[in-house]
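# Secondary and tertiary structure notes
What follows is each chain in one-letter form.
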Amino acid sequence: MIKLIVFEFQKHFLKPSIIVAVLLFSILSIAKIHSIQNANSLFSSSNTTPTWKGLYWNLYEEFGGPITNEKIEKLMAIYRPLENQTADRTASSDHNPDSYTGGNIYMDRNFFMWNYVNPMKYAYDYKIYANQVVSAAESNMDFFESIGNTYEYKKNAVIKERFQERSITIFSYKEMYHYYVQYDFSAFLVLLICLYSLMHVFISEKETDMEMLLLTTKSGNNKTVFAKLIASAVFVYMLCSWFWIVDFVAFSLLFGSFESASTPLYALEDFVNSSINVSLSQYALLSGLIKTFGIFVFSLLFLLVSCFFKNALVAFIVSLSFMISLIFMNEVYMGSGRTLLKIINPFVLVVNRELFRKMEFVDLFGYPMIHYMAAILLAVAWGLLLTLGITVFVKKNGLSKGAKRHAIMDL
Amino acid sequence: MPLWICELKKMLLYQKGLLYIGLFFIFSISSMVLFDKPANPDIELNASQYASYLNQVKGAYSEETQQFFANESAKISEAKVKLKEASDDYYDGNINESEYISISTPLGEILQYEIGYKIIYDQFIYIREEPEHRYFLYTNGWDGLISNDNLDFLYILLLLVLVTPVFCFEFDSKMTSLNLTVKKGARNQAVCKVGLTCITIVMLCLLNAGSKYGFYWLKYGLENGNYPLQSLPYFATSNKSSTLFETFLWLTASKIFGSVCFAILIMFVSVLIKKYAFTLFTCTTLILLPYYGLPLESSKYFLSGPLGFMVSSGYFRGNEYVRNMMNGQMIFVFKEVSNRLWLYLFVTTLCLGIGMFLVILIRNTNKWCEIAPRYRLRPLHLMLVISLSFLSACTSSTRTGERNIYNYSFNQSYENEYYHFYVEESETIETQIVFLDKQTGEKQNFVRDPLSALTRVEKTVFGNGIYVYFMKYDLDKSEIREQMNRLSIIEVNSITFDEKIIFEKNLNTAKTSINLLKNTNKDMAFFHSISGFFLDEENIYFVGHNEIRRVHQSTGKMSVIIRFSILRHLAFDGQTIYYIDEKSQVVKYDTRTDTEEVIHDMVTQYFILTYNEIYFLNRKDRQKIYAMNLSNLTFRKITDVPVLEFYFDEQSIIYVSKNDLKQYRMGWDQGLTSDL
Amino acid sequence: MKVMFSNISKQYKGKYALKDFSAKLENGVCGILGANGAGKTTLINIFVGILKSDNGHVYINDKDTKSMGKHFLSHIGYLPQYPQFYKNFEVIDFLRYMCVLKDIPKKQGEKRAKELLEVVNLSDACNKKIGALSGGMRQRVGIVQAMLNDPNILILDEPTAGLDPQERIRFRNLIAQFSENRIVLLATHIVSDIEYIANQVLLLKEGRLMKQGSPQVLIDGLKEKVWMVTATNEKMVETLQQYKISNMMRDHGKIHIRVIHEEKPDAHAVNVQANLEDVFLYYF
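Keep in mind it's a predicted model, so treat the numbers as computed, not measured.

## Comments concerning the overall build of chain A
When helices and strands are tallied, chain A shows 17 helices and four strands. A principal-axis box enclosing the C-alpha atoms of chain A has dimensions of 85 × 60 × 35 Å. By the burial criterion, 45% of the 411 residues in chain A qualify as buried. Long-range pairs, those at least 24 residues apart, make up 72% of the contacts in chain A with a sequence separation of at least 6.

## Some thoughts on the overall build of chain B
The helix and strand tally for chain B stands at 17 helices and 28 strands. Seen through its C-alpha atoms, chain B measures out along the principal axes to roughly 115 × 60 × 55 Å. For chain B, the proportion of its 676 residues judged to be buried stands at 41%.

## Remarks on the interface of chain C and chain B
When the parts of a complex come together, some accessible area is lost, and that lost area is often taken as the interface size. Counting residues at the interface gives 32 residues for chain C, matched by 21 residues for chain B. If you list the elements that add at least two residues to the side of chain C that touches chain B, you get α2 (65-68), β6 (76-79) and α3 (91-101) of chain C. Element by element, the count of residues in the side of chain C that touches chain B is highest for α3 of chain C, at five residues. Split by residue class, the side of chain C that touches chain B holds 18 nonpolar, six polar and eight charged.

## Digging into the pairing of strand β2 (residues 15-26) of chain C
Remark: a regular strand shows side chains that alternate across the two faces of the sheet. Residues and elements named next belong to chain C. In terms of strand pairing, strand β1 (residues 2-12) meets β2 through eight bridges, oriented antiparallel. The residue bridging Tyr 12 from the neighbouring strand is Lys 15, located in β2. Following β1, the chain reverses through two residues before pairing antiparallel with β2; Lys 13 in that reversal takes a positive phi of roughly 50°.

## As for the packing of helix α5 (residues 63-91) of chain B against helix α6 (residues 97-112) of chain B
All names here are of chain B. Where α5 meets α6, the closest approach of the two axes is 9 Å, and the angle between their N-to-C directions is 150°. With respect to their mutual orientation, α5 and α6 come out roughly antiparallel. Here α5 and α6 pass one another in a crossing that is left-handed. Residues Lys 75, Ile 76, Ala 79, Lys 80, Lys 82, Leu 83, Ala 86 and Tyr 90 of α5 lie in contact with α6, whose contacting residues are Tyr 100, Ile 103, Ser 104, Leu 107, Gly 108, Ile 110 and Leu 111.

## As for the interface of chain A and chain B
Facing the 54 residues of chain A at the interface are 46 residues of chain B. Within the residue set of the side of chain A that touches chain B, elements represented by two or more residues are α2 (16-40), α5 (105-147), α6 (150-163), α8 (185-207) and α12 (312-333) of chain A. At eleven residues, α12 of chain A tops the list of elements feeding residues into the side of chain A that touches chain B. Across the side of chain A that touches chain B, the residue classes break down as 30 nonpolar, 17 polar and seven charged.

## Here we look at the UniProt feature "transmembrane region" (unreviewed entry) in chain A
All names here are of chain A. The UniProt entry lists residues 12-31, 185-204, 225-245, 283-305, 312-329 and 369-394 under the feature "transmembrane region" (unreviewed entry), expressed in the numbering used here. A helix fraction of 100% and a strand fraction of 0% characterise residues 225-245, whose end C-alpha atoms lie 30 Å from each other. Helix makes up 92% of residues 369-394 and strand 8%, with an end-to-end C-alpha separation of 36 Å.

## Things to note about the packing of α8 of chain A against helix α11 (residues 280-307) of chain A
All names here are of chain A. The interhelical angle for the contact between α8 and α11, taken along N-to-C directions, is 35°, at an axis separation of 8 Å. The handedness of the crossing between α8 and α11 is right-handed. Between α8, through Ala 187, Val 190, Leu 191, Cys 194, Leu 195, Leu 198, Met 199, Val 201, Phe 202 and Ile 203, and α11, the contact on the second element is made entirely by Lys 291, Ile 295, Phe 298, Ser 299, Phe 302, Leu 303, Ser 306 and Cys 307. For the contact of α8 with α11, a count of residues per class yields 15 nonpolar, two polar and one charged.

## Regarding the sheet that holds strand β19 (residues 576-580) of chain B
Residue and element names in this part refer to chain B. Strand order in this open sheet of five strands is β5-β18-β19-β20-β21, and the pairing throughout is antiparallel. Of all strands in the sheet, those bounded by a partner on one side alone are β5 (406-407) and β21 (595-603). Examined bridge by bridge, strand β20 (residues 585-590) and β21 share six bridges and lie antiparallel to one another. Residue pairing across strands places Lys 588 opposite Glu 597, the latter belonging to β21.

## Considering the domain arrangement of chain B
Residues and elements named next belong to chain B. When its domains are assigned, chain B resolves into domain 1 (3-39 + 139-392), domain 2 (41-136) and domain 3 (406-569). Listed per partner, the contact involves seven residues of domain 2 and seven residues of domain 3. Broken down by secondary-structure element, the contributors of at least two residues to the side of domain 2 that touches domain 3 are α3 (41-45) and α7 (114-128). Of the residues contributing to the side of domain 2 that touches domain 3, the split by class is four nonpolar, one polar and two charged.

## So, the UniProt feature "transmembrane region" (unreviewed entry) in chain B
Residues and elements named next belong to chain B. The residues that UniProt annotates with the feature "transmembrane region" (unreviewed entry) are residues 17-35, 153-169, 190-210, 248-269, 276-294 and 341-363. For the annotated span residues 153-169, helix accounts for 100% and strand for 0% of the residues, and the straight-line distance between the end C-alpha atoms is 23 Å. Secondary structure within residues 341-363 divides into 100% helix and 0% strand; the distance between the first and last C-alpha atoms comes to 32 Å.

## Details of the environment of Cys 30 of chain C
All names here are of chain C. In this fold, Cys 30 is placed in strand β3 (residues 28-34). Accessibility expressed as a C-beta count within 10 Å gives 25 for Cys 30, which makes it buried. Remark: the alpha-carbon pair of Cys 30 and Leu 185, spanning 155 residues in sequence, is separated by 5.0 Å. Contacts of Cys 30, omitting those with residues within four sequence positions, involve Leu 25, Ile 183, Val 184, Leu 185, Leu 186, Ala 198, Asn 199, Gln 200 and Leu 202.

## Comments concerning the domain arrangement of chain A
Residues and elements named next belong to chain A. In terms of domains, chain A is made up of domain 1 (2-41 + 174-409) and domain 2 (65-171). On a C-alpha basis, the centroid separation for the pair domain 1 and domain 2 is 36 Å. Tallying the contact residues gives 14 residues for domain 1 and 13 residues for domain 2. Among the elements of the structure, β3 (361-364) and β4 (367-370) are those that each provide at least two residues to the side of domain 1 that touches domain 2. Broken down by element, the residue count for the side of domain 1 that touches domain 2 peaks at three residues, all from β4.

## So, α5 of chain B
Residues separated by three or four positions in an α-helix point in the same direction, a consequence of the helix having 3.6 residues per turn. Residue and element names in this part refer to chain B. Its 29 residues place the ends of α5 41 Å apart at the C-alpha level, agreeing with the 42 Å of an ideal helix rising 1.5 Å per residue. Buried within α5 we find Glu 72, Ala 79, Leu 83, Ala 86, Ser 87 and Tyr 90. Where α5 terminates, the next one or two residues include Gly 93, which has phi positive at roughly 85°.

## Here's the deal with helix α11 (residues 186-219) of chain B
Taking 1.5 Å as the rise per residue, α11 of chain B with 34 residues should run 50 Å; its terminal C-alpha atoms sit 48 Å apart, in good agreement. Positive phi shows up at Gly 221 of chain B, right after α11 of chain B, with a value of about 90°.

## A short note on the nonpolar core
One finds Cys 194 and Phe 316 of chain A, Met 267 of chain B together with Leu 185 and Leu 186 of chain C to be the most contacted residues of the largest nonpolar core, which totals 265 residues. Take this core: its biggest share by element is 16 residues, from α11 of chain A. If near-sequence neighbours (up to four positions away) are discounted, Leu 185 of chain C is found in contact with Leu 25, Cys 30, Ile 32, Ile 44, Ile 153, Ile 155 and Leu 156 of chain C. Core analysis: the next-biggest nonpolar cluster, separate from the first, contains 62 residues, Ile 433, Ala 571, Ile 577 and Tyr 626 of chain B among them.

## Quick notes on the environment of Asn 149 of chain A
When you line up the elements, Asn 149 of chain A lands in the loop between α5 and α6. Among the residues examined, Asn 149 of chain A registers 19 C-beta atoms within 10 Å and is labelled partly exposed. A sequence separation of 217 residues divides Asn 149 of chain A from Gly 366 of chain A, and the C-alpha atoms of the two residues are 9.9 Å apart. Leave out the neighbours within four places in its chain, and Asn 149 of chain A touches Phe 144 of chain A together with Thr 496, Phe 497 and Asp 498 of chain B.

Rules and cut-offs
- Residues numbered from 1 in each chain as written.
- Chains lettered and ligands numbered in written order.
- Predicted model: local features only at pLDDT ≥ 70, side-chain atom pairs only at ≥ 80, totals over all residues.
- Helix = DSSP H or I, 4+ residues; strand = E, 2+ residues; numbered from the N terminus.
- Buried ≥ 20, exposed ≤ 12 C-beta atoms within 10 Å, placed from the backbone.
- Contact = placed C-beta atoms within 7 Å.
- Nonpolar A, V, L, I, M, F, W, Y, C, P; charged D, E, K, R; others polar.
- Pairing = 2+ DSSP bridges.
- Axes fitted to C-alpha atoms, helices over the stretch in contact; angles between N-to-C directions.
- Parallel < 35°, antiparallel > 145°, perpendicular 65-115°, else oblique.
- Left-handed = near helix turned anticlockwise from the far one by under 90°.
- UniProt positions renumbered as here; feature names shortened; annotations may be inferred.
- Domains from an automatic or database assignment.
- Expected span 1.5 Å × (residues − 1).
- Core = buried A, V, L, I, M, F, W, Y, C linked by C-beta atoms within 7 Å.

Set out below in structure tokens:
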């Protein structure tokens with residue numbers, strides 16, 4: 001079986017065109033990350049002067065690490081005068097070489113506000129917010145118990161459990177993760193490569209008239225289909241791993257930092273209500289795995305579509321249309337509170353921050369299931385359904401190789 | 001039979017081109033009919049008012065126009081003041097009814113058009129910045145037709161499915177070697193195929209442009225095509241001197257050129273690669289990646305190749321900037337393509353097209369018929385060269401059966417059998433919606449989601465029996481600045497306190513995964529200005545600054561049903577909306593028949609609707625509280641003293657007397673009046 | 001009609017597929033025999049203009065094909081190896097299409113197609129889709145399309161590959177029928193096809209012309225070089241290792257082995273009449 005899988009992998013995926021596409025797309029992805037860094041980073045040359053970066057890392061030695069009252073006081077001792085002087089916007093905006101940033105007082109204020117004061121305030125206040133959530137959840141539990149709403153009771157119990165003991169004790173540089181978790185372009189590239197590569201898996205057998213031959217061999221039926229599916233899964237996994245690693249390394253290098261690996265995910269302000277208690281590095285890994293699974297479900301869809309056609313033309317167009325439609329649907333429901341409509345689409349696994357930035361639930365026969373779990377379960381169901389479809393249709397096509405089939409396949 | 005007919009037959013019939021073209025036009029036209037939304041919905045929602053003003057100023061800006069706007073502003077302000085004076089005089093008994101009618105009718109007519117005036121005034125503000133190039137016109141038709149840079153994805157799919165088989169079909173049928181050895185095969189056939197494909201694409205483009213023109217002409221009208229392009233705000237900063245119709249023609253020509261180049265690119269790639277999948281993948285990639293991947297909206301226009309020309313509207317736009325909040329400098333959001341650069345792009349794209357065409361011919365030439373020696377073109381090298389060249393530059397869920405009375409001034413509270421829900425505002429704690437258990441007197445938070453960060457609950461509630469509704473905005477903190485993501489109306493069952501979303505509106509279309517949703521919603525401003533809402537079985541009614549909009553819960557179709565100059569008060573009984581017009585009269589609007597009726601003799605600035613009566617401060621009787629019976633339309637006096645304001649609860653009416661500014665409570669039977 | 005190949009060479013990645021190939025062909029069936037990879041298809045592809053040779057010329061009636069341009073194509077009819085044609089075309093539509101490509105006037109083309117379909121016994125199948133035809137029928141459609149323009153030179157690349165014996169014989173007869181007053185260039189490795197119908201045989205080996213001549217001349221060249229040896233099982237192994245064996249047959253415990261060798265391989269060996277298969281084996 002292993003040999004069969006290796007053969008299938010070699011046959012379909014070790015092609016120069018795929019390798020060239022992967023390399024070119026990797027370069028594109030890096031270029032895109034560079035443009036994100038350039039447009040958004042507080043330290044990019046298009047936004048601020050190089051002094052900002054130097055100053056940040058100098059001060060980071062002082063203010064980075066565990067958040068203490070001394071550090072806060074020290075920081076506020078710098079920031080408060082700046083804030084007071086700029087409050088009525090009457091301070092001079094002339095260039096002042098003696099300022100912290102080498103610009104003017106407004107820039108100094110912005111520097112401290114955006115880089116230190118706001119993030120540190122958020123981190124410092126988070127424990128209070130988490131406690132508020134826990135006490136609100138506890139109060140809700142009492143309330144819902146009193147009115148007999150067990151679903152809401154359980155939901156709040158889960159929220160309480162997830163938010164208990166949450167705090168951000170360490171101040172760290174998170175800008176890289178801030179943009180890394182929002183980055184989806186490489187997933188689009190991976191999907192395009194998958195669309196192209198997987199189109200051949202079943203169609204090539206038809207093009208080379210190997211389909212009938214395979215059916216006459218001992219391992220040619222289900223085993224070959226299974227080997228093809230496993231080989232495709234391995235390919236998708238390898239392809240995704242490559243791109244996610246390239247993304248992570250490119251983000252880290254371009255933002256110039258490998259910091260914050262152990263900082264909790266909820267340290268990112270957009271993930272204030274995050275449903276999982278993991279560190280940023282763990283999230284990067286988890287997100288990569290879930291993205292990969294989402295892309296694999298798409299891959300199964302491409303494979304199923306390809307089963308119905310004899311050449312790649314209509315199969316490719318139909319798969320591409322499905323892909324774009326699902327992406328479009330996902331964009332329509334992005335951020336929506338209509339959780340089921342959102343998670344039924346496997347593309348939600350590909351842009352999975354939507355699953356982890358908020359704590360939402362799906363009612364599973366009275367049991368509140370956190371929506372990322374439900375999304376994964378639904379994707380598993382899609383995957384199984386598509387796999388079943390592939391097994392059924394591939395076999396059926398092989399057995400009923402007649403004029404009728406030609407009518408469909410020759411499209 | 002000539003060769004081109006054979007090839008045409010092959011392309012349209014055997015390769016099912018006709019079927020695909022038919023499907024494309026069905027999908028394309030039906031998507032236009034179903035999903036097209038006006039660029040400026042306010043114009044459509046206030047069409048008649050807007051049209052009356054537009055007809056007076058249409059065309060170029062002039063001194064007279066300026067004067068007209070100055071006069072009209074003064075006229076409206078004056079009308080408002082005069083109407084108020086006339087109303088006061090009439091209600092104070094200084095003038096009689098016929099005098100009042102003769103004064104107020106023309107004034108009312110002026111004010112009727114106020115919203116239309118506001119829309120045209122916005123246009124005036126825009127036009128007076130650059131009066132030579134900006135004319136007054138009805139913009140929705142032209143905006144829909146030319147003011148977008150969306151890539152028609154269906155059209156791309158059609159080109160791919162139509163053009164890819166032109167050569168790939170020959171390779172797939174193993175006919176290439178045979179074709180090369182026949183007299184009219186090889187180069188002749190290739191020229192015929194390329195020519196025919198190009199002609200088909202040109203026809204398709206023309207038909208597509210024609211269908212779009214026809215659609216917008218029928219739906220909105222495309223008048224004043226001779227006005228300058230800059231009349232549309234989308235092209236505000238354009239330096240091109242072209243009229244709207246000329247721009248449409250240029251865009252069509254450009255799209256034809258882009259489509260033909262794309263078709264040649266597909267044929268070129270297919271001749272080199274000979275496989276369907278790789279050809280489709282390469283061509284899709286070459287179009288989609290620059291379109292979705294480039295950081296600046298204008299970047300795609302700086303690339304040689306078909307993409308820029310296929311979208312093309314950007315060639316007519318000027319530089320657009322925003323201020324970088326980090327360094328205060330202006331940064332480009334759109335970079336203008338100069339005429340010179342456009343010419344360069346056109347020439348390079350044309351050369352690329354010709355080059356690709358030559359390669360197609362060379363690859364389809366019988367070697368005995370070759371004329372000049374050629375360099376060997378390796379497919380991969382060519383692909384790299386081409387790549388480099390491209391890179392160079394709502395469910396209906398409202399509960400029926402129960403009828404609830406909604407009073408706008410009480411939109412911060414609602415009471416049902418079990419609870420009293422209200423907005424609690426205090427200086428010490430954050431404003432929140434709470435509810436009071438009527439039995440136990442216990443006060444609790446109404447919005448029970450413990451995760452309060454990144455949401456903003458609005459200070460308004462609506463109730464209908466056990467169902468209570470609130471409104472919230474979801475926020476996003478993925479950038480330095482917080483942004484509003486979505487508006488939701490949530491239904492809460494006050495027995496189980498289960499929540500359900502009954503309406504959602506995406507307010508941040510710029511924030512998507514790969515920006516497939518590129519269109520921007522122009523009706524966002526309204527959704528940011530909502531001060532209250534109420535529902536019936538099918539619709540949600542949103543109360544804005546000076547209008548009420550009805551949104552169908554299932555279809556999302558929105559319409560303005562009521563306009564007023566100042567929102568004084570309104571109420572809703574499940575079918576009829578009561579509101580105060582500019583003459584201080586209460587007007588009944590039937591939401592089922594969409595008809596209006598003025599309740600005569602009911603002149604007030606404030607009223608409260610109950611199940612059977614309307615309590616109001618009678619402007620005609622020194623602001624004393626009166627009640628009008630809704631079934632027999634009879635009036636009865638409630639208080640003998642002028643009242644400043646009043647409200648009531650289950651037991652009594654509470655009012656502030658105008659005489660001593662003290663608060664009094666009066667029982668429903670009007671027998672008991674006590675000083676509070 | 002005369003065709004002359006002069007010093008044709010073609011290299012792929014530094015390896016000669018055809019080297020200094022020169023030959024003269026006249027009316028009649030000319031079989032090109034060679035093992036797989038010998039250069040038969042390369043030669044045909046160069047001749048029909050699909051490939052460009054690195055060196056050499058092809059002359060038709062002493063006229064260089066390079067100077068003939070398109071006119072050259074009206075002289076030839078070509079049936080490629082393993083043709084599929086357009087599966088969703090009807091036979092008659094496909095032939096009409098080929099008439100257009102061959103610049104044959106409509107009426108003439110229609111008449112010619114019908115005549116040829118009659119000849120190849122496909123009149124009943126003219127409205128069938130090509131995808132629904134059997135291999136033999138598709139080959140017959142192939143030869144019809146090649147004959148549409150009544151070419152002076154008919155080039156057939158492996159035309160009988162994959163056909164059943166009956167179809168092959170039928171096809172062979174068609175070739176013989178069509179070879180009147182024209183050159184039929186027939187590339188194959190099925191020796192019997194050539195043996196029965198070829199007037200001339202070109203033997204190609206590793207891109208070089210090994211031998212040219214009529215089948216009889218080639219067969220005569222093997223006179224007294226083909227032997228029949230009767231052997232036991234033990235001796236068979238030794239014989240197999242030592243000589244080129246063109247056939248082997250068991251009969252009542254004995255083995256009759258057909259050996260090709262310059263000298264008598266065994267004292268009991270009997271000299272037998274050579275055939276073209278022996279010639280093929282002798283040279284390859």
